Amino acid sequence: MNRIIITLLVGFLVLINSEESFSQCKQQLVYSCATQPKTAGENPIYLRDFNAKLRKPKGDDEDVARFQVVLNKGTRYRFNLCNPEESEGKTVLTLFDATRPDNEKPIGKGGPYGRTCGDDGKDYPNASFDFQCERSGVYYVSIKFKKGQGDKKSCAVGILSFIGKGK
Amino acid sequence: MMKRFFYVLFLCGMSLLSVTLSTCGNSGGNPEDPDTPKDDVDTNTNVVISEGAINDIIGSFSNPVEMAALINDLGVPFSKKFLTPTDNADEYDTNFKKSIALGILSADLGYLNVYNKTSSVVNYITVIKRIADDLKVGQFFDFQTLKRLATNNENLDSLMFLSVSSFHQMDQHLRETKRSNLSVLVVTGVWLEGLYLATQVVKEKPNDKISERIGEQKNILSSLTGILKVFSKDKNFADLLKDLQELQTAYEGVKITIVQGTPETKIENGKVVVYQKDVSIVDISQEQLINIINTTEKIRNKLIAL
């Protein structure tokens with residue numbers, strides 16, 4: 001009987017613990033990601049963050065966090081992605097919409113608008129890219145583990161900044 | 001004895017499980033919390049769009065900074081007269097008025113932050129904090145830190161980050177605690193004040209870029225009225241919807257044409273830049289623009305005088 005009680009108790013504790021630890025990134029990471037050192041001549045303005053909690057993928061069943069965002073014509077935006085130490089370089093942020101879907105294809109060849117890493121899976125500098133928007137409308141941002149990189153649950157935070165009207 | 005212990009353990013377990021599950025479904029707080037203010041607006045509406053869909057739409061266009069950032073980026077000088085006065089904040093005495101005001105004042109705070117007008121920021125954060133407390137979202141507004149940053153004119157990036165992220169957290173909390181109706185009002189306030197700033201700038205000095213941005217708001221306005229309709233059984237919402245439909249009428253002739261292109265990726269100064277290459281043409285006549293300017297001004301001034 002004691003063994004059953006202990007098993008039940010441990011079971012509940014594991015359940016509670018796993019729910020609590022599967023969470024969004026801490027505000028400190030969001031802050032440091034949003035206030036990274038500036039490049040000379042630029043003054044990025046923080047607009048919003050995409051704080052994603054990611055489950056460990058089960059086989060091909062990947063966990064994807066999706067967010068809607070309105071972007072405006074004639075504006076250059078910056079997307080950058082940050083991770084806690086244990087999952088650094090393992091996630092990717094993708095910008096897409098219905099006409100440029102979130103798939104594995106290269107940018108400009110049926111793929112999405114942009115990713116924070118190249119086709120080889122290597123992160124761009126600061127895991128970031130700029131997007132020169134020429135059509136106002138609703139876009140989507142996804143954050144997920146890169147293929148085969150999700151060995152345990154984690155979180156990732158994407159930052160959207162206003163760069164300016166672009167050149 | 002053992003049976004009783006087992007029964008107590010089972011009850012504890014079920015309670016813990018139910019707490020865990022309810023937290024999963026509603027991470028932002030408990031809508032039945034007695035501290036959550038009772039809305040003066042009717043929440044018992046026949047919601048035809050799912051709450052998740054509403055939240056996605058609201059969350060996608062609530063930004064208290066972007067219009068001000070555009071205006072600043074185009075070299076338009078700051079003008080204090082565009083701001084909503086903070087003196088009559090005590091007159092916002094219902095949740096409807098408070099929610100709208102929270103949005104409008106947050107957009108004004110964004111405008112002040114973008115132009116580094118830190119001396120006026122304290123006044124605005126004081127009023128915003130008071131309204132946020134009344135709406136039980138004040139815990140997300142770190143007034144002391146914001147005040148210190150603004151008063152000492154230090155670390156303006158942190159001031160901007162904290163102002164904007166506090167706004168998003170307050171708005172998100174409203175939605176997570178089943179108060180999407182109030183969140184819609186906050187977002188409407190933000191959007192309308194942004195449009196008001198843009199239209200006032202153009203009214204003083206014509207600017208093609210800003211006129212174009214004003215014309216493009218036609219689609220956002222359409223989404224906003226669609227959401228407001230969900231809550232329009234409430235008289236306050238119905239009145240607001242009527243006003244925004246008048247603005248929609250002013251927008252009727254504005255045409256937006258899209259020609260699709262293929263995005264191009266370039267490396268510039270070590271940075272990856274994606275050029276969208278779509279072409280969007282906004283066709284807005286001077287007469288339509290004047291009509292939009294006047295209608296926006298009328299609605300915004302009516303809302304801050306409520």
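What you see is a predicted model, and the numbers here were worked out from it, not measured in a lab.

Scanning chain A from N- to C-terminus turns up two helices and eight strands. Listing each helix as α and each strand as β along chain A from the N terminus yields α-α-β-β-β-β-β-β-β-β. Considering chain A as a whole, with its 167 residues, one finds that 51% of them fall into the buried category. Here the contacts in chain A between residues at least 6 apart in sequence split such that 75% fall between residues at least 24 apart. As displayed, chain A offers around 8,300 Å² of accessible surface, 51% of which is attributable to carbon and sulfur atoms.

As a further point, take the sheet that holds strand β7 (residues 137-145) of chain A. All names here are of chain A. An order of β2-β7-β4-β5 is seen for the four strands of this open sheet, with the pairing classed as antiparallel. Of all the strands in the sheet, just β2 (64-71) and β5 (114-115) have a single pairing partner and so form its edges. Strand direction decides the pairing type here: strand β4 (residues 91-96) and β7, joined by six bridges, are antiparallel. When the sheet's bridge partners are listed, T94 is paired in β7 with S142.

Turning our attention to the interface of chain A and chain B. The partner chain B presents 55 residues to the 52 residues of chain A that form the contact. Together chain A and chain B conceal approximately 4,600 Å² of surface at their shared face, both sides included; 60% is due to carbon and sulfur atoms. The largest contributions to the chain A side of the interface with chain B come from Y46(A), K73(A) and K165(A), which together make up 12% of the buried area. Inspection of the chain A/chain B interface yields four salt bridges.

All right, on to the pattern of salt bridges then. Opposite charge on two side chains permits pairing when their charged atoms draw close. Applying the stated criterion to the full structure yields 24 salt bridges over all chains. For the salt bridge of R300(B) with E193(B), the shortest nitrogen-to-oxygen distance reads 2.9 Å. Of this pair, R300(B) sits in helix α11 (residues 286-304) while E193(B) is found in helix α8 (residues 180-204), placing the two residues 107 residues apart along the sequence. Judged by its relative accessible area of 3%, R300(B) is buried. On the basis of relative accessible area, E193(B) is assigned to the buried category, the value being 0%. A single salt-bridge network, built from bridges that share partners, covers E42(A), R76(A), R78(A), D130(A) and E268(B).

Grouped together as the largest cluster of nonpolar side chains are 124 residues, with contacts concentrated most on L71(A), F79(A), F131(A), I143(A) and L244(B). Element by element, the count of residues in this core is highest for α8(B), at 13 residues. F131(A) has contacts with L71(A), T75(A), R76(A), Y77(A), F79(A), L95(A), Y113(A), Y139(A), V274(B) and Q276(B), leaving out every residue within four places of it along the chain.

Our focus in this paragraph is the state of the cysteines. All names here are of chain A. The tally for this structure, following the rule as stated, stands at two disulfides over all chains. The disulfide partner of C25 is C155, and the S-S distance across this bridge is 2.1 Å. Judged by the sign of its S-S torsion, about 110°, the bond between C25 and C155 is right-handed. Residue C25 is found in the loop between α1 (2-21) and α2 (27-34), and its partner C155 is found in strand β8 (residues 154-164); the two are separated by 130 residues along the sequence.

The next point concerns the sheet that holds strand β6 (residues 128-133) of chain A. Here we have six strands laid out as an open sheet, ordered β1(A)-β8(A)-β3(A)-β6(A)-β3(B)-β2(B), and mixed in their pairing. Looking at the sheet topology across the chains shown, the edges are occupied by β1 (45-54) of chain A together with β2 (264-268) of chain B. On average, adjacent strands in this sheet sit at an angle of 25° to one another, irrespective of strand direction. Note that β1(A) and β8(A) share nine bridges and pair antiparallel. For R48(A), the partnering residue across the bridge sits in β8(A) and is L160(A). Each of β1, β3 (75-82) and β8 of chain A touches helix α3 (residues 66-73) of chain B; the most contacted strand, β8(A), lies at about 35° to it.

A word on the packing of aromatic side chains. Residue and element names in this part refer to chain B. Inspection of the entire model under this criterion finds 13 aromatic pairs over all chains. Ring plane angle 25° and centroid distance 5.0 Å describe the contact between F78 and Y111, whose orientation is recorded as stacked. Remark: Y111 occurs in helix α4 (residues 95-114) and F78 occurs in the loop between α3 and α4; sequence separation between them is 33 residues. A ring pair is formed by F96 and F237, whose centres lie 5.8 Å apart and whose planes are at 80°; its orientation type is edge-to-face. Of this pair, F96 sits in helix α4 while F237 sits in helix α10 (residues 235-251), and the two are 141 residues apart along the sequence. The exposure class of F237 is buried, given its relative accessible area of 0%. The ring of Y275 has K266 lying over it, and the distance from NZ or CZ to the ring centre is 5.1 Å.

A few words now on the side chain of T75(A). Relative to the assigned elements, T75(A) resides in strand β3. Relative accessible area serves as the criterion here: at 0%, T75(A) is assigned to the buried category. What T75(A) contacts, discounting residues up to four positions off in sequence, is F131(A), Q132(A), C133(A), F162(A), G164(A), K165(A), E66(B) and R213(B).

This brings us to the confidence of the model for chain A. Averaged over every residue, the pLDDT of chain A is 85; residues scoring 70 or more account for 86%. Counting interchain partners and residues more than four positions distant, the pLDDT-below-50 stretch residues 9-21 of chain A has nine contacts.

Residue and element names in this part refer to chain B. Relative to each other, α4 and helix α7 (residues 156-176) sit at 165°, their axes nearing to 10 Å. As far as their axial angle goes, α7 and α4 are roughly antiparallel. Taken as a pair, α4 and α7 cross one another with a handedness that is left-handed. For the pair α4 and α7, contact is made by L102, S106, L109, N113 and V114 and by L159, M160, S163, F167 and M170, respectively. Split by residue class, the contact of α4 with α7 holds seven nonpolar, three polar and no charged.

What follows concerns a nonpolar patch on the surface. On the surface, V259(B), V279(B) and I281(B) cluster together to form a nonpolar patch covering roughly 240 Å² of accessible area. Summarising the element assignment, V279(B) is placed in strand β4 (residues 279-283).

Calculation criteria
Residues numbered from 1 in each chain as written. Chains lettered and ligands numbered in written order. Predicted model: local features only at pLDDT ≥ 70, side-chain atom pairs only at ≥ 80, totals over all residues. Heavy atoms only, no water. Helix = DSSP H or I, 4+ residues; strand = E, 2+ residues; numbered from the N terminus. Buried < 20%, exposed > 50% of the residue type's maximum accessible area, 1.4 Å probe, protein only. Contact = heavy atoms within 4.5 Å. Areas by Shrake-Rupley, 256 points an atom, 1.4 Å probe, with all protein chains shown as cover. Pairing = 2+ DSSP bridges. Buried area = accessible area lost by both parts, 1.4 Å probe. Salt bridge = Lys/Arg side-chain N within 4 Å of Asp/Glu carboxyl O. Core = buried A, V, L, I, M, F, W, Y, C linked by side-chain atoms within 4.5 Å. Disulfide = S-S within 2.5 Å. Axes fitted to C-alpha atoms, helices over the stretch in contact; angles between N-to-C directions. Phe/Tyr/Trp six-rings, centres within 6.5 Å; stacked < 30°, edge-to-face > 60°. Lys NZ or Arg CZ within 6 Å of the ring centre and 35° of its normal. pLDDT = per-residue confidence, 0-100. Parallel < 35°, antiparallel > 145°, perpendicular 65-115°, else oblique. Left-handed = near helix turned anticlockwise from the far one by under 90°. Nonpolar A, V, L, I, M, F, W, Y, C, P; charged D, E, K, R; others polar. Patch = residues over 30% accessible without salt bridge, like charges linked within 9 Å, V, L, I, M, F, W, Y side chains within 5 Å.

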